[in-house]
Amino acid sequence: MEYMLTQELETKKKLLQECTRLMNDQIKAAKDAMDVAQESANEHQGAMEDKFESFREACQIQRDMYARQLDELLSTMAVLKRINVTKANHDISLGAVVHTELQNYFIGVSLGEVKIDGESYFAISGMSPLYKVMAGKVAGDTFTFRDKEYKILQVD
């Protein structure tokens, strides 16, 4: 039993690490895009012609869009940081690894399919409609989502 719990927590830890890596990649991409947009705007700062002015404004609008995206990504990353990988979940809640007959899930943030040790998990957020129908359930329970019935085999 102790080994099994260690294995389950190891999977949760790997899932959290992979999700964190994916989020860091997205954060870096948003920062880089924001910097490029700012540099483009700065390069044309001295030009007085109207076409350069509108180009600079377009660059700044783009930079602001990436800044908003970055804020959202940082908020999402904060959710991942709240997950405790040393604690097994007994019901489906934040940080749970859920095994069903059809698919496996990791409750944290919405990142799509994440593969760990050759197995697929779908990283979903606590805001998703799927999470809302499975929240609070335990191994042995069933839930229905989009006309499919899921039987919960295990919750870690």
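The backbone of aspartate 117 sits at a positive phi, close to 50 degrees, despite the residue not being glycine. Turning to its location among the elements, aspartate 117 is positioned in the loop between strand E3 (112–116) and strand E4 (119–125). Look at aspartate 117 and you get exposed, because its relative accessible area is 62%. At arginine 146, a position not held by glycine, the phi torsion is positive, near 50 degrees. Among the secondary structure elements, arginine 146 is positioned in the loop between strand E5 (142–145) and strand E6 (148–155). Accessibility expressed as a relative area gives 70% for arginine 146, which makes it exposed.

Before going further, it helps to examine the packing of aromatic side chains. Throughout the structure, instances matching the rule amount to 2 aromatic pairs. Seen in terms of ring centroids, tyrosine 105 and phenylalanine 122 are 6.5 Å apart; in terms of plane orientation they differ by 45 degrees. Their pairing is tilted. Of this pair, tyrosine 105 sits in strand E2 (residues 104–108) while phenylalanine 122 sits in strand E4, placing them 17 residues apart in sequence. The exposure class assigned to tyrosine 105 is buried, which follows from its relative accessible area of 2%.

Summarising the sheet, E2 and E4 pair through 4 bridges and their orientation is parallel. Residue pairing across strands places tyrosine 105 opposite phenylalanine 122, the latter belonging to E4. In this structure, E3 lies alongside E4, joined through 5 bridges in antiparallel fashion. Looking across to E4, one finds that glutamate 113 is bridged to phenylalanine 122. Hairpin connection of E3 to E4: 2 residues between the antiparallel strands, including aspartate 117 at a positive phi of 50 degrees.

Before going further, it helps to spend a moment on the sheet that holds E4. A sheet is described by the order of its strands in space; here 6 strands give the open sequence E3-E4-E2-E1-E6-E5, paired in mixed fashion. Two strands bound the open sheet, and with one partner strand each, they are E3 and E5. Strand after strand, the sheet turns through a mean of 40 degrees between neighbouring axes, direction not considered.

About the thresholds
- Positions within a chain are numbered from 1, following the residues in the order the chain's sequence is written.
- Per-residue local features are limited, in this predicted model, to residues with pLDDT of at least 70; the limit for side-chain atom pairs, both in listing and counting, is 80 or more; totals at the level of whole chains, interfaces and linings are taken over all residues.
- Side-chain measures were taken over the full set of non-hydrogen atoms in the model, leaving aside hydrogen atoms and water.
- Secondary structure follows DSSP: runs of H or I at least 4 residues long count as helices, runs of E at least 2 residues long count as strands, and numbering of each begins at the N terminus.
- Relative accessible area decides the class of each residue, using a 1.4 Å probe on protein chains only: under 20% of the type maximum gives buried, over 50% gives exposed, and in between gives partly exposed.
- Pairs were defined over the aromatic rings of Phe, Tyr and Trp, the Trp ring being its six-membered one, requiring ring centres within 6.5 Å. Orientation was assigned from the angle between planes: stacked under 30 degrees, edge-to-face over 60, tilted for the rest.
- Two strands qualify as a pair provided DSSP detects at least 2 bridges between them.
- Lines fitted to C-alpha atoms define the axes, with helix axes restricted to the stretch in contact, and inter-axis angles between N-to-C directions lie between 0 and 180 degrees.

Purely spatial values, then, with no claim about function.
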